[in-house]
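Chain residues, written in single-letter form:
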Protein chains: 4
Amino acid sequence: MTTETNNKKKTLRVGMIGYKFMGKAHSNAYRAMPMFFSGAPLQPEMAVLCGRNAAGAEAARAQFGWQELETDWRQVVARDDIDLIDINTPSDAHLEIAVEAARSGKHILCEKPLAITLADSRTMLRAAEEAGVKHMTGFNYRFSPAVKLAKKLVEEGRLGKINHFRARFLQDWLVDPEFPLVWRLKKEIAGSGAQSDLGAHLVDLARYLVGEFEEVIGMTETFVKERPLPSEERGQSGKDGTDQIQRGPVTVDDAAVFMARFVDGALGSFEASRSAPGHRSTNAFEINGSKGSLRFDFERMNELEVYFTDDAEDVQGFRRVLCTDEAHAYSEAWWPPGHTIGFEHTFTHEVLEFMSAIAEDRQPSPSFVDGVKCQEVLEAVERSIEERRWVNLSEMAESGS
Amino acid sequence: MTTETNNKKKTLRVGMIGYKFMGKAHSNAYRAMPMFFSGAPLQPEMAVLCGRNAAGAEAARAQFGWQELETDWRQVVARDDIDLIDINTPSDAHLEIAVEAARSGKHILCEKPLAITLADSRTMLRAAEEAGVKHMTGFNYRFSPAVKLAKKLVEEGRLGKINHFRARFLQDWLVDPEFPLVWRLKKEIAGSGAQSDLGAHLVDLARYLVGEFEEVIGMTETFVKERPLPSEERGQSGKDGTDQIQRGPVTVDDAAVFMARFVDGALGSFEASRSAPGHRSTNAFEINGSKGSLRFDFERMNELEVYFTDDAEDVQGFRRVLCTDEAHAYSEAWWPPGHTIGFEHTFTHEVLEFMSAIAEDRQPSPSFVDGVKCQEVLEAVERSIEERRWVNLSEMAESGS
Amino acid sequence: MTTETNNKKKTLRVGMIGYKFMGKAHSNAYRAMPMFFSGAPLQPEMAVLCGRNAAGAEAARAQFGWQELETDWRQVVARDDIDLIDINTPSDAHLEIAVEAARSGKHILCEKPLAITLADSRTMLRAAEEAGVKHMTGFNYRFSPAVKLAKKLVEEGRLGKINHFRARFLQDWLVDPEFPLVWRLKKEIAGSGAQSDLGAHLVDLARYLVGEFEEVIGMTETFVKERPLPSEERGQSGKDGTDQIQRGPVTVDDAAVFMARFVDGALGSFEASRSAPGHRSTNAFEINGSKGSLRFDFERMNELEVYFTDDAEDVQGFRRVLCTDEAHAYSEAWWPPGHTIGFEHTFTHEVLEFMSAIAEDRQPSPSFVDGVKCQEVLEAVERSIEERRWVNLSEMAESGS
Amino acid sequence: MTTETNNKKKTLRVGMIGYKFMGKAHSNAYRAMPMFFSGAPLQPEMAVLCGRNAAGAEAARAQFGWQELETDWRQVVARDDIDLIDINTPSDAHLEIAVEAARSGKHILCEKPLAITLADSRTMLRAAEEAGVKHMTGFNYRFSPAVKLAKKLVEEGRLGKINHFRARFLQDWLVDPEFPLVWRLKKEIAGSGAQSDLGAHLVDLARYLVGEFEEVIGMTETFVKERPLPSEERGQSGKDGTDQIQRGPVTVDDAAVFMARFVDGALGSFEASRSAPGHRSTNAFEINGSKGSLRFDFERMNELEVYFTDDAEDVQGFRRVLCTDEAHAYSEAWWPPGHTIGFEHTFTHEVLEFMSAIAEDRQPSPSFVDGVKCQEVLEAVERSIEERRWVNLSEMAESGS
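In this text, all values refer to a predicted model and were calculated from it rather than measured experimentally.

Rules used throughout
- Residues numbered from 1 in each chain as written.
- Chains lettered and ligands numbered in written order.
- Predicted model: local features only at pLDDT ≥ 70, side-chain atom pairs only at ≥ 80, totals over all residues.
- Heavy atoms only, no water.
- Helix = DSSP H or I, 4+ residues; strand = E, 2+ residues; numbered from the N terminus.
- Rg over C-alpha atoms; globule rule 2.2 N^0.38 Å.
- Buried < 20%, exposed > 50% of the residue type's maximum accessible area, 1.4 Å probe, protein only.
- Contact = heavy atoms within 4.5 Å.
- Areas by Shrake-Rupley, 256 points an atom, 1.4 Å probe, with all protein chains shown as cover.
- Lys, Arg positive; Asp, Glu negative; His and termini not counted.
- Charge placed at Lys NZ, Arg CZ, Asp CG, Glu CD.
- Least-squares fit on C-alpha atoms with pLDDT ≥ 70 in both.
- Axes fitted to C-alpha atoms, helices over the stretch in contact; angles between N-to-C directions.
- Parallel < 35°, antiparallel > 145°, perpendicular 65-115°, else oblique.
- Left-handed = near helix turned anticlockwise from the far one by under 90°.
- Salt bridge = Lys/Arg side-chain N within 4 Å of Asp/Glu carboxyl O.
- Polar contact = N/O pair within 3.5 Å; in protein donor to acceptor, adjacent residues only side chain to side chain.
- Nonpolar A, V, L, I, M, F, W, Y, C, P; charged D, E, K, R; others polar.
- pLDDT = per-residue confidence, 0-100.
- Domains from an automatic or database assignment.
- Buried area = accessible area lost by both parts, 1.4 Å probe.
- Expected span 1.5 Å × (residues − 1).
- UniProt positions renumbered as here; feature names shortened; annotations may be inferred.
- Phe/Tyr/Trp six-rings, centres within 6.5 Å; stacked < 30°, edge-to-face > 60°.
- Lys NZ or Arg CZ within 6 Å of the ring centre and 35° of its normal.
- Disulfide = S-S within 2.5 Å.

With that settled, consider the overall build of chain A. In terms of helices and strands, chain A carries ten helices and 18 strands. For 401 residues, the compact-globule estimate of 2.2 N^0.38 gives 21 Å, and chain A sits close to it at 22 Å. Based on the C-alpha atoms only, the size of chain A along its principal axes is roughly 70 × 65 × 45 Å. Within chain A, the fraction of its 401 residues that count as buried is 65%. A sequence separation of at least 24 residues applies to 69% of the contacts in chain A between residues at least 6 apart. Roughly 13,800 Å² of accessible area belongs to chain A as shown, and the carbon and sulfur atoms make up 47% of that amount. Side-chain charges of chain A comprise 47 positive and 63 negative groups, with the mean position of each set lying 1 Å from the other.

The transform that puts chain A on chain C rotates by 180° and translates by 0.0 Å along the axis, for an RMSD of 0.0 Å. Between the two chains, the operation in question is that of a two-fold axis. Relative to the rotation axis, the closest C-alpha in chain A is found at Arg-389 of chain A, a distance of 2.9 Å. The overlap is high: 100% of the interface residues of chain A also sit at the interface in chain C, so the same surface is used on both sides.

The next subject is the packing of helix α5 (residues 118-131) of chain C against helix α10 (residues 368-387) of chain C. All names here are of chain C. At a minimum axis separation of 9 Å, α5 and α10 run at an interaxial angle of 165°. Classified by the angle between their axes, α5 and α10 sit roughly antiparallel to one another. The interaxial crossing formed by α5 with α10 has left-handed handedness. Packed against α5, whose contacting residues are Leu-118, Ser-121, Arg-122, Met-124, Leu-125, Ala-128 and Glu-129, the element α10 presents Phe-368, Val-369, Val-372, Gln-375, Glu-376 and Glu-379 at the interface.

Residue-level contacts link 45 residues of chain A with 45 residues of chain C. Applying the counting criterion to the chain A and chain C interface returns six salt bridges. The salt bridge partner of Arg-166 of chain C is Glu-271 of chain A, with a shortest N-O separation of 2.8 Å. Between chain A and chain C we count 20 residue pairs in polar contact (both at pLDDT 80 or more) in total. Class assignment of the residues belonging to the side of chain A that touches chain C gives a composition of 16 nonpolar, 18 polar and eleven charged.

Mean pLDDT over chain A stands at 93; residues scoring 70 or higher make up 95%. This model gives residues 1-7 of chain A a pLDDT under 50, and the stretch forms 15 contacts once residues within four places in sequence are excluded.

The next subject is the domain arrangement of chain A. Residue and element names in this part refer to chain A. Considered domain by domain, chain A is made up of domain 1 (3-141) and domain 2 (145-300 + 302-341 + 367-387). Here domain 1 and domain 2 have C-alpha centroids that lie 25 Å from each other. At the interface, 24 residues of domain 1 touch 26 residues of domain 2. In total, domain 1 and domain 2 occlude about 2,200 Å² of area from one another, counting both sides; carbon and sulfur atoms represent 72% of this. Counting the surface domain 1 buries against domain 2, the share from its top three residues, Phe-36, Phe-139 and Tyr-141, is 36%.

Moving on: the relation of the copies chain A and chain B. With an axial shift of 0.0 Å and an RMSD of 0.0 Å, the rotation relating chain A to chain B amounts to 180°. Interface residue correspondence from chain A to chain B reaches 97%, placing this contact among same-surface, isologous pairings.

Residues and elements named next belong to chain B. In the structure shown here, the tally under the stated rule is 168 salt bridges over all chains. Between Arg-126 and Glu-398 there is a salt bridge, and its shortest N-O distance comes to 2.5 Å. Placement of Arg-126 in helix α5 (residues 118-131) and of Glu-398 in the segment after β18 (391-392) is noted, with a sequence separation of 272 residues between them. Looking at Arg-126, the relative accessible area reads 38%, which means it is partly exposed. Assessed through its relative accessible area of 43%, Glu-398 is described here as partly exposed.

Moving on: α5 of chain B. All names here are of chain B. For α5, built from 14 residues, the straight-helix expectation of 20 Å at 1.5 Å per residue is met to within 8% by its first-to-last C-alpha distance of 20 Å. Those residues of α5 not exposed but buried are Leu-118, Ser-121, Arg-122, Met-124, Leu-125, Ala-127 and Ala-128. Looking at the buried residues of α5, the elements they touch are α4 (94-103), β6 (107-110), β7 (135-137) and α10 (368-386). At the C-terminal side of α5, Gly-132 shows a positive phi close to 70°.

This part is about the interface of chain A and chain B. The accessible area lost on association of the parts is a frequent measure of interface size. Facing the 37 residues of chain A at the interface are 36 residues of chain B. Across the interface of chain A and chain B, roughly 3,400 Å² is buried in total on both sides, 53% from carbon and sulfur atoms. On the chain A side of the interface with chain B, the three residues burying the most area are Met-35, Arg-300 and Trp-335 of chain A, jointly 20% of the side's total. Linking Glu-303 of chain A and Arg-300 of chain B is a salt bridge whose minimum nitrogen-to-oxygen distance equals 2.8 Å. Remark: the boundary between chain A and chain B carries 19 residue pairs in polar contact (both at pLDDT 80 or more). Those elements that place two or more of their residues in the side of chain A that touches chain B are α1 (21-36), α2 (54-64) and β17 (317-322) of chain A. Top element by residues in the side of chain A that touches chain B is α1 of chain A. It accounts for nine residues. Here the residues of the side of chain A that touches chain B sort into 16 nonpolar, eleven polar and ten charged.

Let's shift gears to the side chain of Ser-331 of chain D. All names here are of chain D. Here Ser-331 is to be found in the loop between β17 (317-322) and α9 (345-359). Under the relative-accessibility criterion, Ser-331 is labelled buried at 12%. For Ser-331, the residues in contact, after removing those within four places along its chain, are Thr-324, Asp-325 and Glu-326.

UniProt's feature table lists "domain: Gfo/Idh/MocA-like oxidoreductase N-terminal" (unreviewed entry) at residues 12-139 of chain A, given in the numbering used throughout. Span residues 12-139 of chain A is 45% helix and 22% strand, its end C-alpha atoms 21 Å apart.

Right, let's get into the packing of aromatic side chains. Scanning the entire structure with this criterion turns up 88 aromatic pairs over all chains. Where Phe-285 of chain D meets Phe-296 of chain D, the ring centres are 5.4 Å apart and the plane angle is 35°; that geometry is what we call tilted. One end of the pair, Phe-285 of chain D, is in strand β14 (residues 282-289); the other, Phe-296 of chain D, is in strand β15 (residues 292-297), and eleven residues separate them in sequence. We classify Phe-296 of chain D as buried; its relative accessible area is 3%. A cation over an aromatic ring shows up here: Lys-24 of chain A above the ring of Trp-335 of chain B, its NZ or CZ 5.1 Å from the ring centre. Against the face of Phe-318 of chain C rests Arg-295 of chain C, its NZ or CZ located 3.7 Å from the ring centre.

Next up on the list: unusual backbone geometry. The omega torsion of the bond from Ser-365 of chain B to Pro-366 of chain B falls at 5°, within 30 degrees of zero and hence cis. For Pro-366 of chain B, the location among the structural elements is in the loop between α9 (345-359) and α10. Omega for the bond connecting Lys-112 of chain D with Pro-113 of chain D falls within 30 degrees of zero, at -10°, which places this linkage in the cis form. Mapped onto the elements, Pro-113 of chain D comes out in the loop between β6 (107-110) and α5 (118-131). Residues other than glycine seldom take positive phi values, yet Asp-361 of chain B does so here, at roughly 55°.

Glancing now at the state of the cysteines. Residue and element names in this part refer to chain B. Inspection of the entire model under this criterion finds zero disulfides over all chains. Free cysteine Cys-50: the closest other cysteine sulfur is in Cys-110, separated by 14 Å. Since its relative accessible area comes to 3%, Cys-50 is described here as buried. For Cys-110, which is in no disulfide, the shortest distance to another cysteine sulfur is to Cys-374 and amounts to 12 Å. Exposure remark for Cys-110: the relative accessible area of 0% places this residue in the buried category.

Attention shifts here to the side chain of Ser-196 of chain D. Looking at where Ser-196 of chain D falls in the secondary structure, it is placed in helix α8 (residues 194-209). Apart from residues no more than four positions distant in its own chain, Ser-196 of chain D is found in contact with Lys-112, Pro-113 and Leu-378 of chain D.

This is the structure:
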């Protein structure tokens, strides 16, 4: 179904469902890729943007530069002139759209978490596999050049055998107890809190860099247990009987901590919190292997710190590697050494991977398989919290779910 | 001459002369601005790209997304349907293009250094002023959110009276003595070395943040005095009589150091080098005032370090401020707190400033006036080196040039 | 029993049992205190050093500057002219010496861990309490000025309610698989590995700064399971039947990870490892509270990083506080601001605390009570590992042990 | 004249003139050396402390642990039982004491700056050379393990040819305009300001690490030109006619900036200030060579950052080397890797060098020769400021002074 433009570049026509934070990030990636990766075998074409709120969606369409607007995702999925469906709606809508898109033979890029439940994510994967389409989960942090370097160092054995992985994703927007009770803080809508929002990224990075999980155990806490109702949900006065602002219960976690053992014997330590003052978005990890270590912090995403045990004895120390050199992934597309890139570029690289995979007729990495496996770990942690015990990943096997 | 699109957004049609490193950066800015600053009163329209090499320019046009191609800049400048000329050619071509563009009534965005000589830059400014067009010099580093915060802190008096400005712009691509003798290393073509390439940015930042220069004195050095001729310039064998690779003399500086006294009494210390291993592009400065200090390093461009003397006695220390909060310039256009931006974004902000200035019928900042004043300082430093003495900026006054 | 010197300073005569790493650190503290804290109400007098190996102990005595030598600790404990017994032998000897010292009415400074088992540590505490002597456990890291500042900020409520404590103590001397099987790697002698050696410090800092533990769960791993026998333990050839160097099993952990919930609701995350390349001795922690955060790394022990949520909106960020100002603990004894101190100074401050406590007739902090409580946590973690379940600290209550 | 103690260790009996900041630092070094460097061929014996104020000096004697007190330095210098004179009085007294000590055949350790003028420092050197005694200048920063590593890397050619040296010594105690007009701020007593106090250390480090200076030019500024008289110097009311606190003129510089060219072609950039908020004592430098770079900041004195151009292409970056490993200078005397030392330890190493030099019958490094050469540079800078021109070091040759 790929079309050829007059300059003979093959393009894939994209229909994007959702247009908020992630929709903006994805749109920018589709805009940037043809310029910065003009040599790619396939380029995205920003065909249709879809949102239920016609006014908001039209504003986004015009701002982001999509050709057409739809307000019903089923229309988009059904269109013959669309090759790829990009899903970045709230998580609870992923399942239905993805399954339908697969049935319509569309390739699918779906934001993480893949679905609200492990079972749903498996349904999505099955649908995509049965339809024979390409499927990708939006774990964008994999596409930082520094993370790519980390992957390369691990794969080439330059860190030796991995013994430790410790990671934390810390934010601080929930520290203020007067921050209102938005939908993300209600279990019935959001499913979970920091763990699925932030922890999901850590789990994917761990799988990407270290390997599969063997067993996990976790704990969570909600530090602020009641919050003011959003103004639109308050009664006429906005006050309760004692003349206080009306409050409601927070039903998801503010923070989650968990430990893991990896199949290959490494120990994992994880933490996700939205109540860590001073951390706007610290997505950081460290790996210790038998021959060296590395560490990363997304707030300084262009840097990777690396240590090798075989450096000369008098000059051993963590090196701050600025990943903008020719030797680093994606650098040829951007700017000279020392000229950094930002958050949004991870999505451009993600789209590049998807376009390349489709052109090469292979599944992209990370695919829905990675989305499902991430969900297995998250649900295992959840079970470990409920049952206050170690949960082995084998318990999450399909028959057992 | 501004046109209205069908959605009633006013646009300015841009003709860009040059398409290499800076042409790419500018093109990206023109592409990004309508999406990220959709509310701006004027938007750029990527009308014509111009380059002498038709094949190369056409490839760039297609890649960057310009509507049309021209190979003769005079054609572009003469066109009635062009509102703004963007000049990012090699520096020696700035003068002629800018003067012609001004005469044709076009607004002008010109890369730094404004011209090869102070006299030329003054000619350009005069032409622009006489034509009544808007003119801007491309000192993009001003447009980092962290630099904007620095400016705000200084202007609000939160650092008190400024006593010290120290700055350095360090790169390392000339450390390798086998790096070839490219045109940038020949005085007849490039005019100068690290000083005008890197030092120009430091001088502009100093003027922006501290104020005008009173007097300067400097020194320069060329550490690698001969380099291999580029392969295309070598004779048939590429070797000289002793069977060595042919080499030629480097005629510009590898590094420059200079001191300055500012009109308001602050002391300035400056250094520019392309021979500083480990520094890919360290554009860094520190300001010390009577009430506090701040410092910036472009390799970590999202951060500003700030110190206040009136912090509580037991918790005084430099704060690492990640300039991605609501309180920081441009943040509303980009991503949530903690999600960083990169080098290219400075150009997007630069274009926003130019579009806003035109819409508001004022000169942008930095204008050609800033380009000229920067050149005054650079040429004063040059004279101080030749004559081995302090040079007062009053000596650079127009009558004295 | 305190004596008066001719300059009327009261002194306490110390008998020190042990003279290796900790003996050296303690000796330096006794030497330094009279000079740097000359105003203290009591000063130590380096009376007797005791070690079983006469030659080694005499060398240490002469080097460290003790007045007399003994080779039998019972003789030291029995002497009438000794006021304080300092125990820094291998851990398995603590119990007997401490109990005997208490019975002889001596004050006791004992290195951590207080004893090999929780039960033993309780016996020690009981003996000291029954004898009415002063008792101190050597958790020296409490006495870093930066840790004292952390304590002050927490106590004054400047961080608000504590939500997170995360800590790690990482070293790398066991990464090399050819490092020999020293006694510290044998369970029968050392009791435990990284957990009791390094983790004990983290547990004490957590209790000091956050409060008591509610429940814990942990895991451990031994990455290198066999190591070469030390040369003195090998057979004549030093080789086994296959002509390999003889190896023996490592019976303690290389690394331990555990999670905790504190009584006041904070979440704790802990990690201790001797297999983390690049970390010579990273004893680091971070606290997140409702009003701010702080963090510390012993490799930069003069610094505390602090963040406050109520800083002005545009300049929020972690401050690097160099804890050498007048406002910081102990600074008046040392050097001007900006002139740092080192590892050994923590012991000088520790001895100051003990001397002050004795002079003021109060128990020092940390006392044996803190040693016992730390042991409770360590043993709870150990049980949690063996039984693969959460262990509540109430299970460690004396009746339950 | 060296004596033997009963344990056969040779000792040198020290007479110390002065007992304030430096007297305290030196005393600690004499106390620490026998314990930490017990194997040194010579040990200092703290024989006599001398100070004009009998009460103050006696208190210091008792506190620091000197055997005897003298109040007339001539008495100390004349004593037969003294081997070494340690001079740490105010600078204007150095000349007379040092010359007299040399004539009495005593070895001399003199604090920097060696004297108030270059001529005086030369007189001191001549006296010491004629007397055939050993002489040392107290440039203690040379003795940081990290600086020793820097020296080693340079000497072994691991940085290649040195192109850049940039250094700054920043403090902030003069930022407050109400800080009183102490003697250090009066030219007639202190000679000079930040330049001789702080800049002297930078000049010595530059000579130590890079080599001799060729030419210099500098500038200075006094930001706060009047300060309150110290309370003891005010009239009865402490107010002037307008009821203001009495103020007097500051006659030394608050800050100095200078540039230098080294004999071997490197460029030098220097800055010393006591008006740089946030810098308690930032004594920092960076060296760029043809094969690598290194940098140091005394506020993190245990660390050296090092970069090599021949590191693998994908992992190039500055390494943070914690200089506490076996491979680093002095580490065997102190603590295990990762356990840091502080400011005072530089003096212990300095005394070790002096004792070793005397035992080996060689001049220590740095000797008075280094003190004189430092003074040559400082006085050349001073002349360059007065005469507003470059000054070549050849102008400072003895005949020219």
